Structure formats: C-alpha cells, structure tokens
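# Geometric and topological summary
So the chains spell out like this:
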2 protein chains.
Amino acid sequence: MTRERLYLFDTTLRDGQQTPGIDFSVEDKTLIASMLDAFGLDYVEGGYPGANPTDTAFFEKKRTKKAAFVAFGMTKRAGVSASNDPGLAALIHAAGDAVCFVAKSWDYHVDVALGISNDENLDCIKASVEATIAAGKEALVDCEHFFDGYKANPAYATACAKTAYEAGARWVVLCDTNGGTLPGEVTRIVGELIEAGIPGRNLGIHAHNDTGQAVANSLAAVEAGVRQIQGTLNGIGERCGNANLVTLIPTLMLKPHYAERFELGIDGDKLTDLTRLSRTFDELLNRNPEHQAPYVGQSAFATKAGIHASALLKDPKTYEHVDPESVGNQRRVMVSDQGGKSNFLNALKRRGIEVAKDDPKLDRLISLVKEREASGYAYEAADASFELLARRTLGRVPDFFEVQSFRVMVERRFDALGNLKTVSEAVVRVIVDGEEILSVAEGQGPVNALDIALRKDLGKFQADIADLELVDYKVRILNGGTEAITRVLIESSDATTDRWWTVGVSDNIIDASFQALMDSVIYKLLKNREQAGSVAAE
Amino acid sequence: MTRERLYLFDTTLRDGQQTPGIDFSVEDKTLIASMLDAFGLDYVEGGYPGANPTDTAFFEKKRTKKAAFVAFGMTKRAGVSASNDPGLAALIHAAGDAVCFVAKSWDYHVDVALGISNDENLDCIKASVEATIAAGKEALVDCEHFFDGYKANPAYATACAKTAYEAGARWVVLCDTNGGTLPGEVTRIVGELIEAGIPGRNLGIHAHNDTGQAVANSLAAVEAGVRQIQGTLNGIGERCGNANLVTLIPTLMLKPHYAERFELGIDGDKLTDLTRLSRTFDELLNRNPEHQAPYVGQSAFATKAGIHASALLKDPKTYEHVDPESVGNQRRVMVSDQGGKSNFLNALKRRGIEVAKDDPKLDRLISLVKEREASGYAYEAADASFELLARRTLGRVPDFFEVQSFRVMVERRFDALGNLKTVSEAVVRVIVDGEEILSVAEGQGPVNALDIALRKDLGKFQADIADLELVDYKVRILNGGTEAITRVLIESSDATTDRWWTVGVSDNIIDASFQALMDSVIYKLLKNREQAGSVAAE
C-alpha cells in the first residue's frame, strides 16, 4: 500500500515565542532552527520579520538547509494595495522560502478586530497569497479561530478557507486558536470543509492544548483528511501550549495504525535522536524537563515494577507500548536487575572504560550514581563528571593537587565617588607537590572570582590548564523553597574542539559551583595526560 | 433531556502512588482523601491494604464521608478457596465500601505472570466478585491490559469482562495499562464489548498518558458508552501518568457537548474550587505546579496579547474557550515588551493603580519596563517588582530604610576535627530613621545568609516583616558563558495567603538576589501599610 505524505510544520520559534517565560534571542533561534532542520521537519516557521528587531534580524538570511524556512505575519492591510503595504513587503522579501499568513476566519473578529467588511477580508487573503506566489514563494494561510468561526458562521469560515485555496495557497491551516475544540468537532468540521471542495492534501491543523487534547485533535484532523500538522518542540506555546511534536512524531512513526498509511519527512533512524532533541531544547531554555513526558520523559519507561513477574521482564512488549530505544530513551526498572547493568556498561564503554560485568566495583558505581542522582546530580547532563566518578570508583585518578580551603566574598558599598559598586573576591589555598600556593582574584561575580583564583596558579600544572575556558554556566534550584538544593552545570572547552560538562550539587551555590569547577580542571588534566600517552586509570 | 450520570473514580492514592518520586504517608493519604471527598468525587481508591504497612494502616478506618472508599488488590489466588485466601480477606475486611480487583484479561499474562489456565483465571475473577458481594460490599474489576489483551485474543478478554459483570460486579473497568491505545481503537473495542452484552452503564475506562491521549481516550470511551472514568489529580501516575481528572472535570462540566448529556457528582459551584484543589495537591507533594496545565495552570489564561486589539478584550469569549473564574483561575494579560498601552493600564488597574492614559509618566513606565526586560528583568513573572516599579515611576514609594552596604562571604575549610565544611556569612548595614544598624547572619548559602541578615533588624519595621517568608528561589543565566547575566526570581509569602514574586538582574548573582530580596521586603512593608489604611502612593 502506498503511503501518503504527512507534513510537519514547526512553529516553536513563532507560536512558541508566545510561551510565558520564553524569549528567544537570534542566537537561540539560529541554533534551534538548525536542530529542527537536521531532525527532518518539513517547515520551520521562524517568526514575524518586521514586527520586532529579533525576528527582522533572524530573517536576514535563510536559516535552514532542507526545511522550508517560513515567515509569519498578518494578511495585507485593508485599504492599501499589496505593493503599498510595507508589512506585507517585509514578509515577502524576508529570507524565507514561504510566507504563512494569519487570516481572520471568524466574522466577529473581522468586524471588531479589523473593522472591515467580510468581503474586504477575503480580498486581503487573496491579495496576500497572490503577491507571495508572484514573488516565487510558497503561500500558507493560517485561518485563525477557524473552528469557533465555523461554529458561528460556517459559510464565512468556509469562504475564507476557499479563498486562500483558490488563490493558490499550498496549505490552508485550520487553527483552533482558543484551544477549546473537541476531537469529534474537529472530525466533523474538517469533513464538511473537504466536502465543500478543499482537498485534504492542502489542509493543515494547528491545535492548542487548552482541554489537554492538542495531540488528539491533530490526529483526529489527520484521520479526517488533513495532511499537515503544526506543532512545537515539547509542546511549548501560548497558554497551555501547542500540539507537542515530540509526542506526535513517535506515534506517527511507530504505531502501525499511522506508520502503515503515512510517511513523514523524518528518516527512520533519526527517531532515536528524539529524546536528545527534546532534552537539548529544554537545556537551551533552562527549562525543567517534563519527567512524565510521553516517549522522551525520564519516567516515560520507568516502572516501580512490584507487580511485574521477572518472567515478564523478558518480553518488554507485555508492559511497554513501544521500545524506549526507538526514541533514544531508556528503560528504567527501578528495582536492580540485569537491564540496568547493561545500560551502564554501554555508557562506560562509550568513554573507553572497560570493566567486567561481575566486577563488584561496577555494582558500587551503579549504586553511587543512583544515590547521587536521587540527591540532585544529573550525570546524563554532565558527561565529564560521570567519567571522573566512574574512573575513581573503578580504578584510580591521580591526585593532581588539593584545595585546602577557599574563601569567596561579595561586597556592595559606596566607593569614594559616592557610587554604588559591587566587588567579588576569592582566595584559594592549593597544595601542589606538597607546596602551598595562595591565590586571590577578583571577578564579575563570586563564581567567576572563584574560577579565576582556582586556576591562577596550579604550580607545575599551570601550562596544562592555560587553554581551559569556562564556556557556559547553568544553575537550577531543585526542590524549591527553603529545602532547596542547587545544581550547577559548567561547560568547559580548550584549544581542541572538545567541550565537556561537569556538575556540582549543594545547598550552597558557591559550593556547588566549586565542585563543578574542580571536576572540570581535573578532567582537563586527565585529558592532557591521556593525550600525552600516559596511563590515566589503573 | 434527562442527563445520564457519569461517575468519577479517583486513583490518586493507589495508581498515583506508582509515580516516580511520590510516596504518600498515612497523613498525606488522609488529607488527600478528605479533599477528594469534599470536592465530590464518587470513588476514592485508597490503596492496597495488606500489601504494605502504610495502606494497611490507612484502611483501618473509612476515610471518606460521601465518596465510596475503595480497597484495591489482586483477584483470589488460584488453588485456594476464597475463604482461605488471606490477601482476599484483607481486601474484603478492610474499612472500605468497595473492593476493586485487578484481574488479568490478556491471556499471555495469565500464562506467564500467573502460570494458570485461562479458565482458572475466570474462576478467580468470579470468586473474588462473589465473595465481595456476599460481604455486603460493592465489587469492581479492573481488567488489566484490556485493550492489548483484546487485540491479542478478543474472545478471552471479553470472557474476562463478562465473567466479572455476570458475577455481579457493579463496574467492569477497561484498563489501557501500557498506555499505547489510540482513541479510535478505544471507540471500536468499547463498542464491540457493549455489543457482546455488557451495558455501558457498568463499564469504566482507566487510561494512561503514554501517547499524550489519556484524556482523549477517556472521553472517547464515554462517547462509546462507558460511564465511569478513572483518573488522578494533576495526572500523576506511573510513567507518563493517568488520565488527569483536573483536565477532565471542567471539560465535562463546561462544554455543552458533555454538560448537556451528562451529570457528575460534583456540585456546579464546587468547580470554582478546582484550581485551589490542584495547587494544594502540588504544595502537599512539594511539586512544581505545571504552569501550562489546562484550566488550572498559572498560564492557562495568560496572553502575551500583542495581536489582540483592545476591543477584543471587552468580549473574552473571542479569545478564551471558557471563563477562567469558572474554575477558580484568573486571566493574566501579561506585561511584556510585546504588550500595548491598554495591557499596561489593565495590569495597573488590577493592582489598584489608576493612571490616565495620556499621563507622560505612563509612557516613561512603559519604556522603562521595555528597557529593563531587554536587559533581563522578567516582570511578567515578578508581579510585585512590577508593582513597585510602577508605583515609583507613577508616584512615590516611601523610603522605609536604606541599605548602606553589605558583605557576603562563603568559606570552605577543614574544621578542628578535619572535616570539610562550608560556612556562609553576611553582614548588612542599614539605616532606619537616620540610625545605622549593623547585622550579621549565617545561612545555608550566600543568598540565605544575606536574606537573614537583611531582615534581622529593621528597627521600627521589624514587627511588620516578622511573618515574611522566602518560599521559592529561581535562578536563570541569560546570554550564557562569560557574558552571562543572572536573573533571580524570589517568591515570598506571609501570614495571609498572599504570595508574590520579585526579580533581580545583575552579572553578579549575589547582587541580583539582593535586588529581589529588597523588592520583597519593600513590597511587604507597602502591603502592610495599605492594609492599615494609609495612603501608599501619592
């Protein structure tokens, strides 16, 4: 049976920008666009060039290689011609392959929001699409509030959609802008619209999660004939979010009900990158990942298996709806078993650490990691700290130097000129080869001061760390409130292209930062030694 | 049209107990059971008496007044009679009104997990139900893995369900234990089961969220004839969670599509308690509330309304699918650099600050907010800081006290016993009524120390801040790497149920924290003064 093509349209950078608490910089958008492009999304909607400085800058060049790069914006203003509308021009001349217009399709909005007649609105839709096509670009039309508009005035909503289609829009997207439409209503309305003459292959669905059914609405629309789904990474978006592409993609690719009938633009083996894509996105935004997220959540395949007989564990299909590895996630049976051990052995192998499966030190390492992760350490995110912990537990790591003590001070006071200034200073006492070295440094803040002081004079190791650089610093407060503990993640790099992450956890942010800094320095010294050919771990 | 009765079965305390990271004590369970009872749930499943000490203790007495109190557990063991099965006895004699048995309904599990024949399993179901009814209690049967079992062997799955029904079970609950069933499959299978002779009024649905469709599956089952829905508060539960009752209840009570046909056991006016129920539950478990949760999330009705014309704000139905007040939530039109003047005026109005639309100070406030937000301040997340900024810009805020200087120190060293310890100390110099007060404090970390020192002695204001409490602390590094600036958000509360957020931004985390702490204290002093009846802003 020939499969039909289903198109995925990502609006993370546009509708996702509306998420409370999220603000993308041009750098953020550039990175995310390339991640989406590499993963295989068909359309990447980048933002609204002309509406704000960030998006205008972002659209100065095309940001995707394979995916269509889409500019979003309003239809032509009433009362001016297409060639005289600067907003329209900004959209069409932006560095995108396509323009996605948001058009009113609810007569009430046409009247109260735009203050024009129903027919004028149709003309604006038509003119916008035609101008886009004339400029050699693909046109899409988001019919805003479509389902509510259809319920209020089905003839007019249909007319808006038809106008867009007949003007040459490649896609007419039905938007559940308020998010309150139910799946059965989506099924009915999409069916009626197709009956009215717009082919399903030109229809898209843009759902919101206000009744917790954005995914279900998207799939209901596909069942009814729609062939484009709009959504965002990790379901971000206004209010309760957009349809979560990270949830939809595996369902479409792994459930035979869909996989047998539809084909996406995503390669089969790309699916195993899904968990990493989702988590990288959260890290970028410094968002707490959703532990219970379908498919990719840390707990998505975790069972407190009390009821499962061990015999069942041999046939995962009896308690798992899909194989966790297929989406790049892993099974967590939170009772010690063989499955857990092989995960560890693989992780160690990937770092060049060989250990026998029955070595008691391996058990010790596993329980140490579990214990620490329960208290806040995130080894998944801190590969270098994991490696150090493993090397220390399974063998030995040289004691390059010792930090005897440190003191960090932040002072805010008025200077001699009466200006308020804040000064941060750190003093570190290290012992290298039995010799005590005392260093002091000032910095932008307490952690920066501590970092500089720590690396100011490490005796004979000074040359080794000369090219060590702190590249990124992330803080997360776990447990919140007064019982809070702080987790610090530090990314470091050096003159090679290597980058590594280290972690520290404490109720004291300086302490947590210190742990992560130390791990970074030790890792660097170990790395240099290995590259020089010495034996690192015995 | 007479409405049919729909029953809600809460398994927060049983299936919810399987949530990674959640462990209820008897006290927790008692409190939650009474909350569920008061809200109007029909069934409260309390746990598995006999399986663990907590649940055994919990079932020593009935914990609900109105709701049926349900004991959960496995069907009778094969090979022993009902009267000789201590596990069964524990369930039947527990202080509940009903027993809900989990029964195998997938032949593969009957074989591999139980090691008995298909017929023996049916006998166990029958005997368990009959013993329960003979003891004067209601019997329910959870058909475990029902949908997967039905797909593998429809005749056997049906036989299990029928056996339960014919033995007298009030409810036969179809469980999507693996969570991978799609709504269309639920519709089909429920329909076929009803055709096979089990009335919908005796059928229940127990969905899991592994494809993000637990809510949709529950509603699909209801559409197909099922009349009991099982779920949990805030969708907790194994892996990706159970069906979220907090999402389902408003949909069933507010959407005419359901409200016209079905009646729940929850009073209409109870619905306004929903948001509080949801947040109280999160507080109890020290869980971060899901900001984007449908209906009850902090962001569920928050718009970064740039595109919305001010005229639309007059008719909320045009952009909101239900009235937020109906579920005890509120509309938040957020102050952000995308907002227009009317947004600002609304935000100020809600805080009791009146200003004329053409007042030049309003323009100054707007540009100040935009400037600061561009440099990292997040006023939409920090309502109290916004209010202070507004009051200062539009009028005057009293100078309650002045911080002349502060000094924070973190020191890590070996103590007299040779143990490594970290000490944090802060010294703050304040001026109150021309008098200089010097305070010192130690704390868990530098910010905690600074907080305690700042509030240790504020002279005549000390009584005013006695009940001030720092409840949550969030840090975010913006711009990353070496050019990083730090944004700190602090949540505070006091003896009233008020909670407020303040923000601070600096390249120095201590400085940023200090700004947020200061705003919190000033806000508290202002709040006390207003409540005492004085004029706060001139």
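Model, not experiment: these values are computed from the prediction.

### Digging into the packing of aromatic side chains
Here the structure, examined in full by the defined rule, presents 24 aromatic pairs over all chains. When the ring of A:Phe146 is compared with that of A:Tyr150, the centres are 5.9 Å apart and the planes differ by 40 degrees; the resulting orientation is tilted. Taken together, the residues span about one helical turn, with A:Phe146 and A:Tyr150 both in helix α6 (residues 146-152) at a distance of four residues. Of the two residues, A:Phe146 and A:Tyr150, both sit in the buried class. Pairing B:Phe9 with B:Tyr43 gives two aromatic rings, centres 5.6 Å apart and planes at 25 degrees, and the pair type is stacked. Residue B:Phe9 is found in strand β2 (residues 7-10), and its partner B:Tyr43 is found in strand β3 (residues 43-47); the two are separated by 34 residues along the sequence. No difference in accessibility class separates B:Phe9 from B:Tyr43, as the two residues are buried.

### Focus on the interface of chain B and chain A
Between chain B and chain A, the contact holds 94 residues from the first and 95 residues from the second. Contact between chain B and chain A buries roughly 7700 Å² in total, counting both sides, with carbon and sulfur atoms accounting for 54%. Joining chain B to chain A, the criterion identifies two salt bridges. For the interface between chain B and chain A, the tally reads 16 residue pairs in polar contact (both at pLDDT 80 or more). Ranked by residues supplied to the side of chain B that touches chain A, first place goes to strand β13 (residues 402-414) of chain B with twelve residues. Its residues assigned to classes, the side of chain B that touches chain A shows 38 nonpolar, 35 polar and 21 charged.

### Some details on the UniProt feature "domain: Pyruvate carboxyltransferase" (unreviewed entry) in chain A
Under the feature "domain: Pyruvate carboxyltransferase" (unreviewed entry), the UniProt entry names residues 6-272 of chain A. As annotated, residues 6-272 of chain A has a helix share of 41% and a strand share of 17%, and its two end C-alpha atoms lie 20 Å apart.

### Some remarks on unusual backbone geometry
Residues and elements named next belong to chain A. For His145, which is not glycine, the phi dihedral falls at a positive 50 degrees. On the secondary structure map, His145 appears in the loop between β6 (138-144) and α6. Within the chain, Tyr295 stands out as a residue other than glycine whose phi angle is a positive 70 degrees. Considering the arrangement of structural elements, one finds Tyr295 in the loop between α12 (274-284) and β11 (302-303). Of the residues examined, Tyr295 reaches a relative accessible area of 1% and is grouped as buried.

### Considerations on helix α17 (residues 509-531) of chain B
Residue and element names in this part refer to chain B. In this model, α17 (23 residues) spans 33 Å end to end at C-alpha, consistent with the 33 Å of a helix rising 1.5 Å per residue. Counting buried positions along α17 gives 20 out of 23 residues, so the element sits mostly inside the fold. You can read the cap of α17 off the contacts: a side-chain oxygen lies 2.9 Å from the backbone nitrogen of Ile510, and it is on Asn508. Of the residues flanking the end of α17, it is Gly533, one or two places downstream, whose phi is positive at about 100 degrees.

### Section: the pairing of strand β15 (residues 435-443) of chain A
Residues and elements named next belong to chain A. With nine bridges connecting them, strand β14 (residues 420-432) and β15 associate as antiparallel partners. Of the residues in β15, the one forming a bridge with Val430 is Ile437. Between β14 and β15, which pair antiparallel and follow one another directly, the connecting turn spans two residues, one of which, Asp433, has a positive phi of 50 degrees.

### Some remarks on the domain arrangement of chain A
Residue and element names in this part refer to chain A. Each domain of chain A was delimited in the assignment, giving domain 1 (4-284), domain 2 (302-374) and domain 3 (401-457). Computed from C-alpha atoms alone, the centre-to-centre distance between domain 1 and domain 2 is 40 Å. With eight residues of domain 1 in contact, the opposing surface of domain 2 contributes seven residues. Around 580 Å² of area is buried between domain 1 and domain 2 when both sides are counted, 53% of it from carbon and sulfur atoms.

### Some remarks on the nonpolar core
Counting residues in hydrophobic clusters, the biggest one holds 88 residues, and the most contacted among them are A:Phe401, B:Phe401 and B:Leu454. With residues up to four places along the chain from it excluded, the contact list for A:Phe401 reads A:Val430, A:Ile431, A:Val432, A:Leu454, A:Leu458, A:Met518, A:Val521, A:Ile522 and A:Leu525. By size, the runner-up hydrophobic cluster in this structure holds 83 residues, among which are A:Ala103, A:Phe147, A:Val296 and A:Val322.

### With respect to the sheet that holds strand β16 (residues 469-478) of chain B
Strand pairing within a sheet occurs via backbone hydrogen bonds; the two strands may be parallel or antiparallel. Residues and elements named next belong to chain B. Taken in spatial order, the three strands of this open sheet run β16-β17-β18, and their pairing is antiparallel. Sheet topology places β16 and β18 (499-506) at the edges, where each strand pairs with a single neighbour. Adjacent strand axes in the sheet meet at a mean angle of 20 degrees, parallel and antiparallel pairs treated alike. With nine bridges joining them, β16 and strand β17 (residues 485-493) adopt antiparallel strand pairing. Paired with Ile477 across the strands is Thr486, a residue of β17. Taken strand by strand, α17 contacts β16, β17 and β18, and its axis lies near 145 degrees from that of β18.

### Section: the pattern of salt bridges
All names here are of chain A. What the rule picks out here adds up to 57 salt bridges over all chains. Two residues, Glu185 and Lys151, come together in a salt bridge whose shortest N-O distance is 3.0 Å. Within this pair, whereas Glu185 is found in helix α8 (residues 183-195), its partner Lys151 is found in helix α6, the two being separated by 34 residues in sequence. Looking at Lys151, the relative accessible area reads 39%, which means it is partly exposed.

### Focus: the side chain of A:Thr181
Residue and element names in this part refer to chain A. Counting through the fold element by element, Thr181 comes out in the loop between β7 (171-175) and α8. In terms of polar contacts, Thr181 uses its side chain to reach the side chain of Asp176, at 2.6 Å. When sequence neighbours within four positions are dropped, the list of residues in contact with Thr181 reads Phe147, Lys151, Asp176, Val186, Thr211 and Asn217.

### Comments concerning the sheet that holds strand β16 (residues 469-478) of chain A
All names here are of chain A. With respect to topology, three strands assemble into an open sheet ordered β16-β17-β18, the strand pairing being antiparallel. In this open sheet, the two edge strands, each paired with only one partner strand, are β16 and β18 (499-506). For this sheet, the mean angle separating the axes of adjacent strands, direction not counted, is 20 degrees.

### Notes on the environment of A:Pro154
Residue and element names in this part refer to chain A. Along the chain, Pro154 falls in helix α7 (residues 154-166). Under the relative-accessibility criterion, Pro154 is labelled partly exposed at 37%. For the pair Pro154 and Lys137, spaced 17 residues apart in sequence, the C-alpha to C-alpha distance is 30 Å.

### Regarding the environment of A:Ser117
Note on placement: A:Ser117 falls in the loop between α4 (107-114) and α5 (118-134). Along the backbone, A:Ser117 and A:Ala78 are 39 residues apart, and their C-alpha atoms lie at a distance of 9.5 Å.

### Some thoughts on the environment of B:Tyr523
Residues and elements named next belong to chain B. Inspection of the secondary structure puts Tyr523 in helix α17. Judged by relative accessible area, which is 13%, Tyr523 ranks as buried. Taking the C-alpha atoms as reference points, Tyr523 and Ala384, 139 residues apart in sequence, are found 6.6 Å from one another. In this view, Tyr523 contacts Ala384, Glu387, Leu388 and Trp500; residues no more than four positions away in its chain are not counted.

### With respect to the packing of helix α15 (residues 360-374) of chain A against helix α16 (residues 383-394) of chain A
Residue and element names in this part refer to chain A. Two numbers describe how α15 lies on α16: the axes approach to 9 Å, and their chain directions differ by 140 degrees. Classified by the angle their axes make, α15 and α16 are oblique. By crossing handedness, the relation of α15 to α16 is classed as right-handed. Only Phe386, Leu389, Ala390, Thr393 and Leu394 of α16 make contact with α15, whose side of the interface consists of Lys361, Leu362, Arg364, Leu365, Leu368, Val369 and Arg372. For the contact of α15 with α16, the residue count by class is eight nonpolar, one polar and three charged.

Calculation notes
- Counting starts from 1 at the beginning of each chain's written sequence and moves along it residue by residue.
- Chains carry letters from A onward and ligands carry numbers from 1 onward, assigned in written order.
- Per-residue local features of the predicted model are confined to residues with pLDDT of at least 70, and side-chain atom pairs are confined, for both listing and counting, to 80 or more; whole-chain, interface and lining totals are unaffected and use all residues.
- Excluded from the side-chain calculation are hydrogens and water; included are all heavy atoms of the structure.
- Each aromatic pair joins two rings of Phe, Tyr and Trp (for Trp, the six-membered one) with centres within 6.5 Å, and gets the label stacked for planes under 30 degrees apart, edge-to-face for over 60, and tilted for any other angle.
- Strands here mean DSSP runs of E at least two residues long; helices mean DSSP runs of H or I at least four residues long; both are numbered from the N terminus.
- Burial classification: accessible surface area is computed with a 1.4 Å probe over protein chains only, and a residue below 20% of its type maximum counts as buried, one above 50% as exposed, and the rest as partly exposed.
- Residue contacts are defined here by distance: any two heavy atoms, one from each residue, within 4.5 Å place the two residues in contact.
- What counts as buried area is the accessible surface, traced by a 1.4 Å probe, that two parts surrender upon association, with contributions from both included.
- One speaks of a salt bridge when a side-chain nitrogen belonging to Lys or Arg is within 4 Å of a carboxyl oxygen belonging to Asp or Glu.
- Any pair of nitrogen or oxygen atoms within 3.5 Å is treated as a polar contact; in protein, a donor-acceptor pairing is required on top of that, and neighbouring residues in sequence qualify only through side-chain atoms on both sides.
- Three residue categories are used. Nonpolar comprises Ala, Val, Leu, Ile, Met, Phe, Trp, Tyr, Cys and Pro, charged comprises Asp, Glu, Lys and Arg, and polar comprises the others, including Gly.
- UniProt positions are given in the numbering used here, feature names are shortened, and annotations may be inferred rather than shown by experiment.
- What a helix is expected to span follows from its residue count: subtract one and scale by 1.5 Å.
- Should DSSP find at least two bridges between two strands, the strands are taken to pair.
- What marks off one domain from the next here is an automatic or database domain assignment.
- Remark: nonpolar core denotes a set of buried residues (Ala, Val, Leu, Ile, Met, Phe, Trp, Tyr, Cys) joined through side-chain atoms within 4.5 Å.
- To obtain each axis, a line is fitted to C-alpha atoms, and for helices this fit is confined to the stretch in contact; angles are then taken between N-to-C directions over 0 to 180 degrees.
- Working definition: roughly parallel below 35 degrees, roughly antiparallel above 145 degrees, roughly perpendicular at 65 to 115 degrees, and oblique for all remaining angles.
- Crossings are assigned a handedness: left-handed for a near helix turned anticlockwise from the far helix by less than a right angle, right-handed for a clockwise turn.

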